[in-house]
Amino acid sequence: MKEIAGNLDATGLKMALVVSRFNSFFTEQLVKGAADCFVRHGGKEADLTLVRVPGANELPQVAQRLAAAGQVDAVIALGAVIQGATPHADLINGTVARALAKIALDTGVPVLNGIVCALNLEQAIERAGTKQGNKGWDATAAAIETVNVLKAL
Ligand code: INI
């Protein structure tokens, strides 16, 4: 059996982070986690581009522009949607997740969903650098692996 897998080497890769200002208490932690992951895996901080948008709903449009421009190997969308803060949380999560996945398929550029979807503040805290890790870090590791597995195909 021939097995193909992507490694976690970010050397020479360029990535864009798109981050929402909404719930910035959490999303800024996701940016830190994403940059830390990228650099720890051999990427250069100078090869990261950070783009800010108002909220999670705006992530797909900017992610689409960045992916279609072809200047980066992957786009990582970072946000935090917390239930209770809005009755629209489920709608935002579903709509944005589907849109990000479509952009990846339409452009061929990996677009990672690094959005914390939490039922409450405690869950959000757990996913932004405490008990459950850091969703920005996880999405970046997945981005590196996905870029490399596509290169290996
Ligand atoms: N945006 C978020 O990123 N997280 C949220 O929890 C959130 N809530 O709760 O409403 C949120 N709303 C704003 C939304 O993403 C858009 O910016 C806004 O609707 C304008 O399009």
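My aim in this report is to walk through the structure given alongside it, one point at a time. Since the model is a prediction, treat every value here as computed from it, not as a measurement.

### Quick look at the nonpolar core
- In this structure, Leu 13, Met 15, Leu 17, Ile 76 and Leu 78 are the most contacted members of the largest nonpolar core, which totals 28 residues.
- Looking at this core, the elements that each hand over two or more residues are β1 (15-20), α1 (24-40), β3 (74-82), β4 (111-118) and α5 (135-152).
- For this core, the leading source of residues is α1, giving 7 residues.
- Discounting residues that sit within four places of it in the chain, Ile 76 has contacts with Met 15, Ala 16, Leu 17, Val 18, Leu 112, Ala 139, Thr 140 and Ala 143.
- Core analysis: the next-biggest nonpolar cluster, separate from the first, contains 20 residues, Val 53, Val 72, Val 96 and Val 111 among them.

### Side note on the packing of helix α2 (residues 59-69) against helix α3 (residues 89-107)
- Viewed as axis vectors pointing N to C, α2 and α3 meet at an angle of 10°, and their least axial separation amounts to 10 Å. The orientation of α2 with respect to α3, classified from their angle, is roughly parallel. Residues Pro 60, Ala 63, Gln 64, Ala 67 and Ala 68 of α2 pack against Val 96, Ala 99, Leu 100, Ile 103 and Thr 107 of α3.
- Class assignment for the residues of the contact of α2 with α3 results in 8 nonpolar, 2 polar and no charged.

About the criteria used
- Residues numbered from 1 in each chain as written.
- Predicted model: local features only at pLDDT ≥ 70, side-chain atom pairs only at ≥ 80, totals over all residues.
- Heavy atoms only, no water.
- Core = buried A, V, L, I, M, F, W, Y, C linked by side-chain atoms within 4.5 Å.
- Buried < 20%, exposed > 50% of the residue type's maximum accessible area, 1.4 Å probe, protein only.
- Helix = DSSP H or I, 4+ residues; strand = E, 2+ residues; numbered from the N terminus.
- Contact = heavy atoms within 4.5 Å.
- Axes fitted to C-alpha atoms, helices over the stretch in contact; angles between N-to-C directions.
- Parallel < 35°, antiparallel > 145°, perpendicular 65-115°, else oblique.
- Nonpolar A, V, L, I, M, F, W, Y, C, P; charged D, E, K, R; others polar.

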